[in-house]
Every structure is written in structure tokens, then in C-alpha cells.
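The chain contents come next:
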Amino acid sequence: MTQPRPEVLQKLTPVLTKRWLSPDAWKIDVYERLDGYAAVRKALDVHPDDLIQLIKDSGLRGRGGAGFPTGLKWGFIPQGDGKPHYLVINADEGEPGTCKDLPLMTYDPHSLVEGAIIASYAIRASRAYIYIRGEAVHAARRLRNAVKEAYAKGYLGENILGSGFDLDLVVHSGAGAYICGEETALLDSLEGFRGQPRLRPPFPAVAGLYASPTVVNNVGTIASVPYIVLGGADWWKSMGTEKSSGPMIYSLSGRIANPGQYECGLGITLRELIELAGGMKPGHNLKFWTPGGSSTPLLTAEHIDTPMDFEGVAAAGSILGTTAMQIFSDQDCPVYATWRWLEFYHHESCGKCTPCREGNYWMVRTYRRILSGQGTYQDLDTLQDTADNIFGRSFCGLGDGAATPVVSTLKWFRQDYLDYIEGRTAPRLSEKALVGAH
Amino acid sequence: MSDITVDFSPAAAPLAEKLLEPAREIIARYPVGRERSALLPLLHLVQTVEGHVSPDGVAFCAEILGINKAQVGAVATFYTMYKRRPTGEYLVSVCTNTLCNVLGGQEIYDGLTEHLGVGHDETTADGKITLEHAECLAACDYAPVVTVNYDFAIDEATPDAAVGLVEKLRNGERPTPSRGARLCTLKEMQFQLAGFADEREGAVADGVAGAPTLRGVTLAQEHGVAVANFNIDTPITTTKPARDESAKAVKDPAPAGAKPPAAKSEGKIASAAKRAAGAVKTAAAAVVDKAEHAVEHRKAGAPVKAGDVKDPEVRAAETRNPDGSTPTPDASQTVAPVPGTRTEAAGTAKNAPAGDGKPAGDTQRGESIVSEANAAHEEQSTASENPGWQNAQRGTEEKK
């Protein structure tokens, strides 16, 4: 394994991941020794509007995928409306390839609790929820323990640190539905219903949880807040690019020597990240990769120098998403990979809208046929047509996410499909997988 | 809500006897009038006893929340973690989503299927192991992964390691998970999913971070890389005094005499079921908790309002999901007859009338909310000034 060059190493920005090196940082006394809860004291000494302005100035953008400016989102909450406001933290991490929020909540849960207190104070919420993915049991254990410790030390509950600000924080475990990562589906789920997305408008900022103004933010977004409060907006902007400021945890997985979490300033390239990760696995050459989970259009080896920030990835025709980079090599088949993703979207489609529910059902079957060696040329047209009818016509982004690997593999790797259809690639699936395909 | 007493039906009474107190703790976490938020944790709670959600479990949740069984059933069947058949002592999940799949997850799953003789969501005859193939478990840097009761059990797993794991489990051993807490049974795990602390001594401390998690930050440490100029005393620009009326939050209506929810919900769980059993008196088939001050009394099967019905605010989900007494075209029979025997109760539950109205809520909600949609327009105009964002939003709002 070759060592990364010094100039590439300098692109590492350990901020949110820094405390992970302290094995006991999940305990409140250790956390407090590592600058913990200093930001809450500082934040409670200024007016909430000044905090919102600070976050706007920092240029912080949502870490959950869409990259919406966080300060702007907080500013949308109508103040003086006489209604309770809510903060809901989206910890339903489940986008294939994404694994940054779970370690954060497991090894540094108090940073999320502290961020939640500051964000709630800024938007004038006296109740906040962390909706954590059901399967994330160890992270939930640590998080519940952190909440309990924070109550005991007076960081949560009534009259926090003598400020007159009250906050109750509840950790709410989901029950295994990917769709609940969509913010309005998450709100329905939190209200005790099936997790199905809502029509917007009204946006959650006006009518979110319990039809009250609600901010829904990702774990990484909220965990960034204490650092901005401590270090200031200008310090935050010293990382990343002009429009995509700050550090980002890049989740690298797949055919590389050292998969893992690498926190770097936004705008780093895949080439540099692979260098940090010790290069490709021996014998593997980069073929295709997801810039931000499977719901973002796949990129290929020619995009290796694309800056990994919101603008750079968009210019390359994809989306930064959750910076979950699944890296595949020339030994992986893009058709097979797409089929497995579609099985996932098919399973997770909530069934509310027809394009997503029916489209995924049929695309899965078409893929099974191609992979079992019985595909036809018309199948490729059917796939393209179905994907086009899902994309932009579904109720929420899940349908769009399902269509993107299909469209992007058809665009970049049509030959791989033809190899199955024309018999050059051996079938990957057996006949029994074909029930219902004809 | 926590002050309401409920006459449980014969179907729900045995569960109520065990679960009433923790159920009330769960309900107390949510604002008054928003008790339905407790449904997901309540369904997890039911699984602590049954290992799955049975018709009795559905009845218990419905009766304690004052909604009908069809509404509970609709939710219970939507989420994959609510099991519809009895489960084994351990749930073994193998990730077969794309990345784990190509790195060997499929072979591991196929190997386990063959070794155990069960398929997806099936349980071995000895009642020890339920097997499932899971979608992305958020540990791709350790691919392929296998979890036991959702704790990461084997990282970079192989078919042999997975077979070795299930053999140990079947022999009564509890191998230490790679990055989770020491193993418990699936039913015990459900108690934590219901939102209660893990009371096992030291369990929270179990599991150290693996090398992949720490790779970037370790590399930075080894090479002395740090972000410069981090000064925690950097001043925040202020434009107004910290404390004025505009800084105050509007609170939820407080439950009468209630303690802070989290204070209630943490810390006293292990014996909760026993204490509940002791605290609840059972008379014939009805359970009436006389320890709590009763402000409302409810009979099983009686049409009980869900609390939000008179709320002038337009509710997204509730508009589509009226409670049992809301007159909707197909809800005429949502009030189930009170069953006389336990068997009959199970039968009734299995044939519960479909009570939910058809999803008519969207348009209605969109129209009636217009008056307060100013901020939404603001948000929209932002989107139109920046169309790139809107596209990004459409494409990526699923990311977690």
C-alpha cells in the first residue's frame, strides 16, 4: 500500500469525527472535557435570531442529501405564531452505501444532543425528536444513555442552565422502513401512521409534525452546529468550497484497499479519496461508483476528478447525496448491481403512488429476465421507458432514486446489458427467479 | 392519556396485565392529544412478550390508544420489523444489498439458508433462529455484514464464519458481537426498541469502534493533520439582547401533574413488567387500573375519539386515517362487537373491519392550509430562484 501524498493528507479535516478517537467520548464527563456542552452555554447567551444568522453566515447545507441551506430552513419557521414548534432529527440512515450517522451517534452521541439543544433554542422549540432507524440498536443505546445523562446534568429538561429555556428530547426508534428517511414520511411515521410521504406544500416549516412548524434536519447537519457556534462561521468556511462550506464525512466502501469514513473538506475528488484509502484493491480497476448512495446517478472512471461538492457533482450529471461512495471495479457487473438495488427499491416502495409501486415491480422482473439470459432488445427500451415514467412522476424522491441507477447504467454500460442479451455473459440468475417475468 | 383507564377486551387483557405500565410510560413521552405517536414503540413493546405482533397485540395497542384495530393493523403490516409470525430467540440478518452482495453477502445468505433449512423470514424448528436477508445495514465499510438481533455480529463475514455463528447460537452460546453490545434475546431487544434503556450492567459500553470507522481520523492523527484556527471563544455577532419575548417557545399543552416525559421513561425498566403486573388488578376479563386517578373511562370496543378529532388544525395523516367513530363511507362497521370469549376475540381481531377511509386527505389538506402557507411560498420561491436545488431535492430527499 502506497502512502498518500502530503498534499492529499492535508485535505483531511477531522472535525465531527475527531472525538471518535476517544473511546469513552460517549460518556458525558469525557465529552465535557473535550469542549462538550461549551457551545450550548455560548448559544444560550445570544438571541435565537442571532444564532440563525450565524448558521446562515456559515453556509452550512443539509448533510442528508439535498444540501438545502440550514440557516434558511430555520429561518422559515414562523415566529410569534402562538404554535408549538418542533425539531425532528432524521437519524433513519438507510440509503445504500451510507454509514456516517451511525458511528457518529455511537461514538459521539452527545454532539448530536448538544446540536439538538442549540437548534431547538434557535427555532423556539421546546420538544425535539430523534427518529432513529430501528435497526441502529447500538447507536440508539448510546443515544438514549446520552439523553439520560444530559437530563441529569441539566442540559435537558426545564430551565436549561438557568436560561429559562426548556427542552424535552425523545429518541424514537423506527421499525424498518427506508421510506421514513423522506422527511414527510418520517413525520407521518412519528405521528403513528404508515410512513408515506405527504404532498408539499404545505412544507414542514409551516405544517410539519402535528401540523405545527417543524424543522427536519439530518444527524450530520445538527452535529455540525456546535462546532459552528464554537469556532464561528468564518472558521467553518475555511473548509470546503465557497458554495459548499465545511467538512463532510465521506463513506468509502467497495473495491478499495481501506474502506472507511474519511472526513474531508467538501470538494475533494474521488481520486484523492482513493489515494487516502490506500488505492484500489489489488487487481481491481475502477469501473463505476455512486457519489452519494444508490439513489444518485452512477458515475464512471472518467469522473474520478470531479469535485465532490454540491455544485461539482451536479455539473457531472449526478447528485452529491450522502457522500456514500460505493466503489465498484471491472470485476463487478453494473447490470447485476442495478438489479439488486431495484430489488431494494421495489421492497421499500411505500405503495402510495403508482409509478413507483408498479414501475419498480416491473423493472425488477425485467432485470431478472435479462440476468437469466432470456432478455430481449425490447427489454432495454422497456427499462428506459419505465424509468422515464417513474422519474419526476413519483410522489417523492424514492421513485427518482430507483430510476437513476437504471438510466445511468443504460447510459454508461449498455454493452454490459447487450452482453447478457446476446449470450456473451453467462446468466447470473436461474430460471426459478423468473416467476412472473413473462 | 396516562390517566385514562381502559377496560381491555379479553383478547388484550393478558398483554395489558404485563405491559400496561411501560405502555403508559411510552405514551407519556408524547404531547397530550398526540398519543398515537406512541404506536410504533407500543408495537415494539408488544413484541417483547409475543415475539411478533399477534391479533391480541393489535387489540392491545388499539384499545390503549383508543383507535381501531384496522388502523393498528395497517401500521403493523407496513414496517418490516414487526413480525407477523412467531420468531426465534435470535434474528440473524444478512445484508444482501448491492455492495455486501457483490462482496459475498449472497453466498453467506445462501449458505445459511442451506445450513439451517429455512428461507427468508423463517424460523428453525428448534425456535432458536429466524433468518432474513436485509437491505443496507449502514456498515458498507465492513461489508459483508451479518447482524444478530440488529447488533453487528460479524464484520467482513464469510460463509464459514456465519455458519459458525449460528451453530454457537443454537448450542446456547452467546458469541460476542463485533461492534454491538453483548447478545440478548430478540424479545429483550424489543424492550430497547420501545425506547427503554439497556439496563444490563456495562452493555452500553460494549463494542469498540472498528478500524474502518476510524480510518480517516486515524490517518489525520498519524500525520499531524488538524483544522487550523479553531478557537472556541470566537464571538457570535449579536444584534439584540439574548432574552426577550421573541426568544420564547410555545409549549405543548402539559399533561396534568405529569413529570417530564424523559424522566419517566428512563431508568426503571427491567422490573417494569413485574411491577405492572402487580399494579394492575384483573377482574374477569377486564383490567381496570385503580391506582391512577381516572379522568376518563373507556370500554373496549366502544367508539372512542382519538383526541385530535376536534382539533381545528388540519392534520395530514389523520385526515386520511379517521378514528373509529369518524363517519366515513366505509367505516360504518369499524366498531367491532365486543367479543365474549378469548377465541372469539381472536377471530374478531382477525376479521377486523377495514376502518380507514380512502386517502382523500391530500387535496383537502392542500386547500385548507393555504391561509397559513406564506412561509411555504417563501420556500417555493427560493426553489424557483434556484431550480438546481429543487431537482436535487427531488432526487435526493431519501438520503439519510
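Residues numbered from 1 in each chain as written. Chains lettered and ligands numbered in written order. Predicted model: local features only at pLDDT ≥ 70, side-chain atom pairs only at ≥ 80, totals over all residues.

### Let's talk about the overall build of chain A
Across its full length, chain A holds 19 helices and nine strands. Its C-alpha atoms give chain A a radius of gyration of 22 Å, near enough to 22 Å, the size a compact globule of 438 residues would have. Its C-alpha atoms put chain A at 75 × 50 × 35 Å along the principal axes. Taken across its 438 residues, chain A has 69% of its residues classed as buried. (Helix = DSSP H or I, 4+ residues; strand = E, 2+ residues; numbered from the N terminus. Rg over C-alpha atoms; globule rule 2.2 N^0.38 Å. Buried ≥ 20, exposed ≤ 12 C-beta atoms within 10 Å, placed from the backbone.)

### Some points on the overall build of chain B
The helix and strand tally for chain B stands at 15 helices and nine strands. Across the 400 residues of chain B, 49% fall into the buried class. Residue pairs at least 24 apart in sequence account for 72% of intrachain contacts in chain B once pairs closer than 6 positions are excluded. (Contact = placed C-beta atoms within 7 Å.)

### Structural notes on the sheet that holds strand β2 (residues 90-95) of chain B
Residues and elements named next belong to chain B. Read across the open sheet, the five strands follow the order β3-β4-β2-β5-β6; overall the sheet is mixed. Only two strands of the sheet have a single neighbouring strand rather than two, namely β3 (122-123) and β6 (151-154). Here two bridges tie β3 to strand β4 (residues 129-134), and the two strands are oriented antiparallel to one another. The partner of T123 across the bridge, within β4, is T130. Set on the sheet, helix α6 (residues 159-170) makes contact with β2, β4, β5 (146-148) and β6; between it and β6 the angle comes to about 115°. (Pairing = 2+ DSSP bridges. Axes fitted to C-alpha atoms, helices over the stretch in contact; angles between N-to-C directions.)

### Focus: the packing of helix α1 (residues 13-27) of chain B against helix α3 (residues 55-65) of chain B
Residue and element names in this part refer to chain B. Following both chains from N to C, one finds α1 and α3 inclined at 45°, their axes separated by 11 Å at the closest point. Classed by the angle they form, the pair α1 and α3 counts as oblique. Note on packing geometry: the crossing formed by α1 with α3 is right-handed. Across from L15, A16, L19 and A23 in α1, the residues of α3 making contact are D56, G57, F60 and I64. Residues that form the contact of α1 with α3 fall into these classes: six nonpolar, one polar and one charged. (Parallel < 35°, antiparallel > 145°, perpendicular 65-115°, else oblique. Left-handed = near helix turned anticlockwise from the far one by under 90°. Nonpolar A, V, L, I, M, F, W, Y, C, P; charged D, E, K, R; others polar.)

### With respect to the nonpolar core
Judged by nonpolar contacts, the single largest core of 236 residues is most densely connected at V88(A), I89(A), I118(A), C61(B) and V145(B). Look past the residues within four positions of C61(B) in its chain and what remains in contact with it is L39(B), L42(B), L43(B), V46(B) and V72(B). (Core = buried A, V, L, I, M, F, W, Y, C linked by C-beta atoms within 7 Å.)

### As for the packing of helix α4 (residues 48-58) of chain A against helix α11 (residues 219-231) of chain A
Residues and elements named next belong to chain A. Where α4 contacts α11, the two axes come as close as 10 Å, and the packing angle between them is 95°. Comparing their axes, α11 and α4 come out roughly perpendicular. Of the residues in α11, those touching α4 at L54, I55 and S58 are V225, I228 and V229. Here the contact of α4 with α11 is composed, by residue class, of five nonpolar, one polar and no charged.

### What to know about the domain arrangement of chain A
It is common to report an interface's size as the accessible area lost on association of the parts. Splitting chain A by domain gives domain 1 (34-236), domain 2 (238-327) and domain 3 (332-420). Its residues assigned to classes, the side of domain 1 of chain A that touches domain 3 of chain A shows five nonpolar, two polar and one charged. (Domains from an automatic or database assignment.)

### Quick look at the sheet that holds strand β7 (residues 286-290) of chain A
Residue and element names in this part refer to chain A. The five strands are arranged β6-β5-β9-β7-β8 in an open sheet whose pairing can be described as mixed. The sheet terminates laterally at β6 (260-265) and β8 (299-300), the two strands that pair on one side only. One ladder, built from two bridges, connects β7 with β8; its direction is antiparallel. Each bridged residue has a counterpart across the sheet, and for W289 the counterpart in β8 is L299.

### Brief notes about the interface of chain B and chain A
Each partner contributes to the interface: chain B provides 112 residues, whereas chain A provides 141 residues. The element that contributes the greatest number of residues to the side of chain B that touches chain A is helix α8 (residues 211-222) of chain B, accounting for nine residues. Classifying every residue of the side of chain B that touches chain A gives 57 nonpolar, 30 polar and 25 charged.

### Let's talk about the pairing of strand β3 (residues 168-173) of chain A
All names here are of chain A. β3 sits mainly inside the fold: six of its six residues count as buried. With six bridges joining them, strand β2 (residues 125-132) and β3 adopt parallel strand pairing. Bridge pairing in β3 links Y131 to H172. For the crossover that starts at β2, traverses helix α8 (residues 137-152) and ends in the parallel β3, the hand is right-handed. (Right-handed = clockwise from strand over helix to strand, strands pointing away.)

### Details of the environment of F68(A)
All names here are of chain A. Relative to the helices and strands, F68 is located in the loop between α4 and α5 (70-75). Accessibility expressed as a C-beta count within 10 Å gives 21 for F68, which makes it buried. With 49 residues separating them along the chain, F68 and R19 place their C-alpha atoms 26 Å apart.

### Things to note about the domain arrangement of chain B
In terms of domains, chain B is made up of domain 1 (13-76) and domain 2 (90-186). Its C-alpha centre places domain 1 of chain B at a distance of 29 Å from the equivalent point of domain 2 of chain B.

### Some details on unusual backbone geometry
Excluding glycine, most residues fall at negative phi; most peptide bonds, likewise, are trans. Residues and elements named next belong to chain A. With an omega dihedral of -5°, the bond running from R200 to P201 counts as a cis peptide bond. Positionally, P201 belongs in the loop between α9 (183-190) and α10 (204-207). Between P201 and the following residue, P202, the backbone shows a cis peptide bond with an omega angle of 0°. Considering the arrangement of structural elements, one finds P202 in the loop between α9 and α10. Of note, the phi angle at Y37 is positive, near 60°, even though the residue is not glycine.

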